[in-house]
Amino acid sequence: MSDVRQTAAFVFEEAIDETWSLRTELKQIYYTGQSDFQKVQVIETAAFGRTLVMDDKTQSAETDEKVYHESLVHPAMLSHPNPKTVFIGGGGEFATAREVLRHKSVEKVVMVDIDKVACDMCREHLPEWNDGAYEDPRFEVYYEDAKGWLENCGQTFDVIIMDICDPIEAGPGIALYFQEFYEFARTKALNQGGLLVTQSGCCGVTNFTECFTTIHSTLRSCFAKVHGYSAPIPSFGCSWGFNVAHHNPDLDLTSWTSDEVDAKIAERITGELKFLDGVSWHGVFGLPKMIRVGCEKEDRVMTKENPVFMY
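Since the model is a prediction, treat every value here as computed from it, not as a measurement.

(A) Looking closely at the packing of aromatic side chains. Taken as a whole, this structure holds 14 aromatic pairs when the rule is applied. Plain terms: the ring middles of Phe87 and Phe157 are 5.6 Å apart, the flat faces sit at 50 degrees to each other, and that makes the pair tilted. Of this pair, Phe87 sits in strand β6 (residues 85-90) while Phe157 sits in strand β9 (residues 157-163), placing them 70 residues apart in sequence. Judged on exposure class, the residue Phe87 and its partner Phe157 are both buried. Look at Phe94 and Tyr134: their rings are 5.4 Å apart centre to centre, the planes differ by 90 degrees, and that puts the pair in the edge-to-face class. One end of the pair, Phe94, is in the loop between β6 and α2 (95-100); the other, Tyr134, is in the loop between α4 (127-130) and β8 (139-142), with 40 residues separating them in the sequence. Grouping aromatic residues by their ring pairs yields a cluster made of Tyr68, Tyr229, Phe236, Trp240, Phe242, Trp256, Trp281 and Phe285. Over the ring of Tyr30 we find Arg50, and its NZ or CZ is 3.8 Å from the ring centre.

Right under this line is the structure:
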């Protein structure tokens, strides 16, 4: 008897923009609900495994979350000579904290996420994402508005990592992409020689102007140097952008050789990375020409009066 071919299935479909969407078989729904701030779901799909979805946008998926979190965390952390104190805005899966805590120099990590419901669901349904970070004595978590907490905490940090939801119009973290916030972070929240890195939305050749170049331009209006880069995140439907900003004119993240990157990783990080090494470092920082030109030409700056929203 021949195998029976499946011809029907429940599906998860996510719009990438107005013209196309990502579609995969939906295997299971572990949680779906509405917090005070956003719609929260934990599902499993055939293509990407367990997946965190917020406001109908994939935030983190089992198959490629390490690509995202290693890319977000380690370039900024390795660029600081001795990062001891780190602030994470957002980061509800606790995977950003997991990667930060792999750095041997780190003494204190503060994560502030406004949505306790989402964080609790991640701890319950995505426990591999935090991998013990929640219990690490160096780790603190507060369920508050990240912007308000940082502005009122009276503390400064070596590295600030913004692992927040995309800048969508109804999202809870849009103000964390504004020029006003970046200027505060540079002047009031970062230690001397500190760096800020933020996830920066779609960075494919067809959609990099949606918000990536604007975030890059906004950071450039506040910091002396901004390095844009991207990584392949299939569950997001395209390459994903990041921007790391600092005020050190002698620091050029694109000038390190592969051997230098590998040596820094071996010396400073506990355990083996799954995605990032000396070779892939040059891949993520090697943005296509049209995206580099787009960053150079971009003159939009995100402010409270002039926000830019992602689809």
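(B) Focus on the pattern of salt bridges. Under the counting rule described, the total for this entry stands at 12 salt bridges. A salt bridge links Glu25 to Lys27; the nearest nitrogen and oxygen atoms lie 3.8 Å apart. A salt bridge links Lys66 to Glu65, with the shortest nitrogen-to-oxygen separation between them at 3.5 Å. One salt-bridge network, held together by shared partners, links Glu65, Lys66, Arg98, Glu99 and Arg102.

(C) Inspection of empty space enclosed by the protein at higher detail. For the coordinates displayed, the defined rule picks out 4 cavities of 30 Å³ or more. There is about 340 Å³ of room inside the largest cavity. Secondary-structure elements contributing two or more residues to the lining of the largest cavity are β4 (49-54), β5 (57-61), β6 and α3 (116-125). Of the residues assigned to the lining of the largest cavity, the class counts are 14 nonpolar, 9 polar and 6 charged. Taken as a whole, the second largest cavity spans an internal volume of roughly 60 Å³. Where the lining of the second largest cavity is concerned, the elements lending two or more residues are β1 (11-15) and β5.

(D) Highlighting a negative patch on the surface. On the surface, Asp259, Glu260, Asp262 and Asp277 cluster together into a patch of negative charge. Along the polypeptide, Asp277 turns up in the loop between α8 (258-268) and α9 (278-285). A residue is classified by how much of its surface remains accessible, and Asp277, at 33% relative accessible area, is partly exposed.

(E) Fine view of unusual backbone geometry. Even without glycine at this site, Phe94 takes up a positive phi of about 70 degrees. A positive phi angle, close to 45 degrees, is found at Asp131, a residue other than glycine. Secondary-structure assignment places Asp131 in the loop between α4 and β8.

(F) Representation of the layout of surface pockets in the model. Taken as a whole, the largest pocket encloses approximately 200 Å³ of empty space. His216, Arg220, Val226, His227, Gly228, Thr254, Phe285, Leu287, Arg292, Cys295 and Glu296 together form the lining of the largest pocket. At the level of secondary structure, the elements contributing two or more residues to the lining of the largest pocket comprise α7 (212-220), β11 (225-233) and α10 (289-297). Classifying every residue of the lining of the largest pocket gives 4 nonpolar, 4 polar and 3 charged.

(G) Local environment of the sheet that holds strand β12 (residues 238-246). Read from one edge of the open sheet, 7 strands run β8-β7-β6-β9-β10-β12-β11, paired in mixed fashion. Sheet topology places β8 and β11 at the edges, where each strand pairs with a single neighbour. Strand-to-strand twist of the sheet, defined as the mean angle between neighbouring strand axes without regard to direction, takes the value 15 degrees. The pairing of β11 with β12 spans 9 bridges and is antiparallel. When the sheet's bridge partners are listed, Ile233 is paired in β12 with Cys238.

(H) Spotlight on the sheet that holds β4. With respect to topology, 5 strands assemble into an open sheet ordered β1-β2-β3-β4-β5, the strand pairing being antiparallel. Across the chains shown, the open sheet's two edge strands, defined by having one partner strand only, are β1 and β5. With direction set aside, neighbouring strand axes in the sheet form an average angle of 45 degrees. Relative to strand β2 (residues 21-34), β1 runs antiparallel, the two sharing 5 bridges. Bridging from a neighbouring strand, Ala15 pairs with Ser21 of β2. Sitting on the sheet, α3 is in contact with β2, β3 (39-45) and β4, with an inclination near 105 degrees to β2.

What counts and what doesn't
Residues numbered from 1 in each chain as written. Predicted model: local features only at pLDDT ≥ 70, side-chain atom pairs only at ≥ 80, totals over all residues. Heavy atoms only, no water. Phe/Tyr/Trp six-rings, centres within 6.5 Å; stacked < 30°, edge-to-face > 60°. Helix = DSSP H or I, 4+ residues; strand = E, 2+ residues; numbered from the N terminus. Buried < 20%, exposed > 50% of the residue type's maximum accessible area, 1.4 Å probe, protein only. Lys NZ or Arg CZ within 6 Å of the ring centre and 35° of its normal. Salt bridge = Lys/Arg side-chain N within 4 Å of Asp/Glu carboxyl O. 1 Å grid on protein atoms, 1.4 Å probe; cavity = no way out; pocket = protein on both sides within 12 Å on 5 of 7 lines; lining within 4 Å. Points joined across faces, edges and corners; volume = space filled by probe spheres on them. Nonpolar A, V, L, I, M, F, W, Y, C, P; charged D, E, K, R; others polar. Patch = residues over 30% accessible without salt bridge, like charges linked within 9 Å, V, L, I, M, F, W, Y side chains within 5 Å. Areas by Shrake-Rupley, 256 points an atom, 1.4 Å probe, with all protein chains shown as cover. Lys, Arg positive; Asp, Glu negative; His and termini not counted. Charge placed at Lys NZ, Arg CZ, Asp CG, Glu CD. Pairing = 2+ DSSP bridges. Axes fitted to C-alpha atoms, helices over the stretch in contact; angles between N-to-C directions. Contact = heavy atoms within 4.5 Å.

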